[in-house]
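Summary of structural features
This is what each chain is made of:
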Amino acid sequence: MFFKMSKRKILTVCFAFLFSCISFANEESSSSAEKPEFNINETIFGHIGDNHDWHMWDWNGHPVGFSLPVILVNTNPFSIDVFMSSEFEHGHKTVTKGDHTYKMVPQEMGGQKIFYVDGSGQATENGPLDFSITKNVFTLFLVAIIMLIMFIGCARAYKRRPGQAPKGFQAWLEPVILFIKDDVVEPNLGKHTEKYLPYLLTVFFFIWISNMMGLIPFFPGGANLTGNIAVTCVLAVLTLLITNFSGNKEYWKDIFAMPGLPWPLLPIMAIVEVIGIFTKPFALMIRLFANITAGHIIVLSLTSLIFIFGTLAIAPVSVFFVMFMDVLELFVAALQAYIFTMLSALFIGLAMPEGHEAK
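Remember, it's a predicted structure, so these values are computed and weren't measured experimentally.

Definitions and limits used
Residues numbered from 1 in each chain as written. Predicted model: local features only at pLDDT ≥ 70, side-chain atom pairs only at ≥ 80, totals over all residues. Heavy atoms only, no water. Patch = residues over 30% accessible without salt bridge, like charges linked within 9 Å, V, L, I, M, F, W, Y side chains within 5 Å. Areas by Shrake-Rupley, 256 points an atom, 1.4 Å probe, with all protein chains shown as cover. Salt bridge = Lys/Arg side-chain N within 4 Å of Asp/Glu carboxyl O. Lys, Arg positive; Asp, Glu negative; His and termini not counted. Charge placed at Lys NZ, Arg CZ, Asp CG, Glu CD. Helix = DSSP H or I, 4+ residues; strand = E, 2+ residues; numbered from the N terminus. Buried < 20%, exposed > 50% of the residue type's maximum accessible area, 1.4 Å probe, protein only. Pairing = 2+ DSSP bridges. Axes fitted to C-alpha atoms, helices over the stretch in contact; angles between N-to-C directions. Parallel < 35°, antiparallel > 145°, perpendicular 65-115°, else oblique. Left-handed = near helix turned anticlockwise from the far one by under 90°. Contact = heavy atoms within 4.5 Å. Nonpolar A, V, L, I, M, F, W, Y, C, P; charged D, E, K, R; others polar. Phe/Tyr/Trp six-rings, centres within 6.5 Å; stacked < 30°, edge-to-face > 60°. pLDDT = per-residue confidence, 0-100. Polar contact = N/O pair within 3.5 Å; in protein donor to acceptor, adjacent residues only side chain to side chain. Core = buried A, V, L, I, M, F, W, Y, C linked by side-chain atoms within 4.5 Å.

Topic: a positive patch on the surface
The grouping of R156, K159, R160 and K167 at the surface amounts to a positive patch. Tracing the backbone shows K167 in the loop between helix 3 (135-160) and helix 4 (169-189). A relative accessible area of 57% places K167 in the exposed class.

Shown next as structure tokens:
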């Protein structure tokens with residue numbers, strides 16, 4: 001959609017973004033005597049961290065956004081407390097439900113954590129089991145809904161028009177699916193392509209859409225879903241499990257009894273190969289997490305230059321580099337989805353040596 005916009009619309013968006021930054025900078029500099037000094041670390045990590053509410057912007061000193069459900073499970077005694085995060089009033093108040101009193105405490109590296117409150121009103125060192133719908137969880141559900149709408153709609157279009165050329169959204173989605181199938185999955189998996197294609201397509205589109213969701217509402221708001229190491233860890237663990245459960249006897253033989261290797265070296269190489277089983281998905285996890293998080297930090301740092309210098313003169317320079325980085329992040333969003341999918345297909349294919357044979 002971005003590339004179909006006319007030049008006039010693109011310039012309008014750019015100037016609106018520029019003027020919004022200038023207005024924020026002007027407000028910051030004009031009221032610097034009343035407001036505390038701008039904390040860039042708190043701003044950046046507050047945006048890339050997970051939160052129990054969705055903060056969009058500040059208006060006249062008041063945060064604008066919407067609260068999310070808090071779901072807390074207590075074990076002693078067992079109870080489940082459900083309420084909206086707005087009851088915490090952004091951490092300024094405690095919330096009492098039944099026999100428990102809770103306090104939401106901001107963390108140094110971004111995000112928030114809920115603890116119990118003792119008799120003196122202070123947060124304790126432990127807290128309940130937190131199953132809340134946080135900003136990242138909400139975005140996760142949203143991405144899942146978008147994917148269901150995309151693929152169910154595409155499947156229905158094929159049923160309505162069997163054997164006919166795709167059109168509309170179907171015509172846009174089909175080349176992407178064929179690219180992943182023909183150029184990413186099939187060269188690595190061969191005759192096993194159809195078996196693993198659903199998982200690899202799901203991974204590709206999940207990562208791609210999640211990356212885009214972090215960019216579309218990036219200023220202000222935006223969820224850092226794939227920049228959350230817990231999310232990338234789950235994706236990497238799925239690839240790890242599928243790879244090793246799909247491994248045939250040749251795969252495990254190469255790990256524990258490599259053919260042609262002198263027997264004194266077998267124990268050493270077996271240890272190295274076992275370590276390699278875990279380092280490959282670990283690299284997948286860190287690569288995706290680090291690239292997406294780094295991009296968000298750079299964009300937020302460039303935007304923060306306006307408030308750090310407190311002058312309108314820096315706004316055009318800051319906005320120019322922010323726009324440049326946003327365009328670059330559009331490419332990185334697709335690139336990281338492609339790399340994760342390609343390496344996952346490669347790892348699965350290496351676990352089945354005969355998978356490289358042609359169909």
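A few points about the sheet that holds strand 5 (residues 95-97)
Taken in spatial order, the three strands line up as 5-6-7 in an open sheet, and their pairing is antiparallel. The outermost strands of the open sheet, each flanked by one partner alone, are strand 5 and strand 7 (112-116). The mean angle between the axes of side-by-side strands here comes to 30°, regardless of whether they run parallel or antiparallel. In this sheet, strand 6 (residues 100-106) lies alongside strand 5 in antiparallel orientation, the contact comprising three bridges. Counted as the bridge partner of T96 is T101 from strand 6.

Some thoughts on the packing of helix 6 (residues 229-246) against helix 8 (residues 266-309)
At a closest axis distance of 8 Å, the pairing of helix 6 and helix 8 adopts a crossing angle of 150°. Here helix 8 runs roughly antiparallel to helix 6, going by the angle between their axes. As helix 6 packs across helix 8, the resulting crossing turns out to be right-handed. Between helix 6 and helix 8, the contacting residues are I229, T232, C233, L235, A236, T239, L240 and N244 on the first element and I277, F278, P281, L284, M285, I286, L288 and F289 on the second. When grouped by side-chain class, the residues that make up the contact of helix 6 with helix 8 number 13 nonpolar, three polar and no charged.

Here's the deal with the pattern of salt bridges
One pass over the structure, following the stated rule, counts three salt bridges. A salt bridge links E87 to K97; the shortest N-O distance between them is 3.5 Å. With a gap of ten residues between them, E87 in the loop between strand 4 (78-84) and strand 5 and K97 in strand 5 connect regions that are remote in the sequence. With its nearest N and O atoms 3.7 Å apart, the salt bridge here joins K181 to D182. A relative accessible area of 37% means that D182 is categorised as partly exposed.

Side note on the packing of aromatic side chains
If you walk through the whole model with that rule in mind, you get 14 aromatic pairs. Pairing Y251 with W252 gives two aromatic rings, centres 5.0 Å apart and planes at 70°, and the pair type is edge-to-face. Residue classification places W252 among the partly exposed positions, given a relative accessible area of 30%. By the ring-pair criterion, three or more aromatic residues cluster together here, those being F151, F169, W172, F204, F205 and W208.

Some thoughts on the confidence of the model for the protein chain
Of all residues in the protein chain, 84% attain a pLDDT of 70 or more, and the chain-wide mean is 81. Looking over the protein chain, one finds the lowest element-wise mean pLDDT in helix 1 (residues 7-30), namely 46, and the highest in helix 6, namely 94. Confidence drops under pLDDT 50 across residues 15-33; counting only partners more than four residues distant or on other chains, this segment forms 26 contacts. Under a pLDDT of 50 for its full length, residues 355-359 has, in the predicted model, 16 contacts with residues more than four places off or in other chains.

Re the sheet that holds strand 3 (residues 69-75)
If you walk across this open sheet you meet the three strands as 4-3-8, and the pairing is antiparallel. Two strands in the sheet have a free side with no partner beyond their single neighbour: strand 4 and strand 8 (129-130). By the bridge criterion, seven bridges tie strand 3 to strand 4 in an arrangement that is antiparallel. By the bridge assignment for strand 4, L72 is matched with D81.

Focus: the environment of N188
Relative to the helices and strands, N188 resides in helix 4. Residue N188 is classed as buried on the basis of its relative accessible area, which comes to 12%. Considering only alpha carbons, one finds N188 and L346, 158 residues apart in sequence, at a separation of 5.4 Å. Engagement of the side chain of N188 in a polar contact is seen with the backbone oxygen of V184, the distance being 2.7 Å.

Quick notes on the nonpolar core
Ranked by internal contacts, the top residues of the largest apolar core, which has 39 residues, are F205, F206 and I207. Of all the elements in the fold, those that place two or more residues in this core are helix 3, helix 4, helix 5 (193-213), helix 6, helix 8 and helix 9 (315-350). Here F206 is in contact with L140, V143, M147, L225, V231 and L235, once residues within four sequence places are set aside. Membership of the second largest hydrophobic core comes to nine residues, among which are V70, L72, Y102 and M104.

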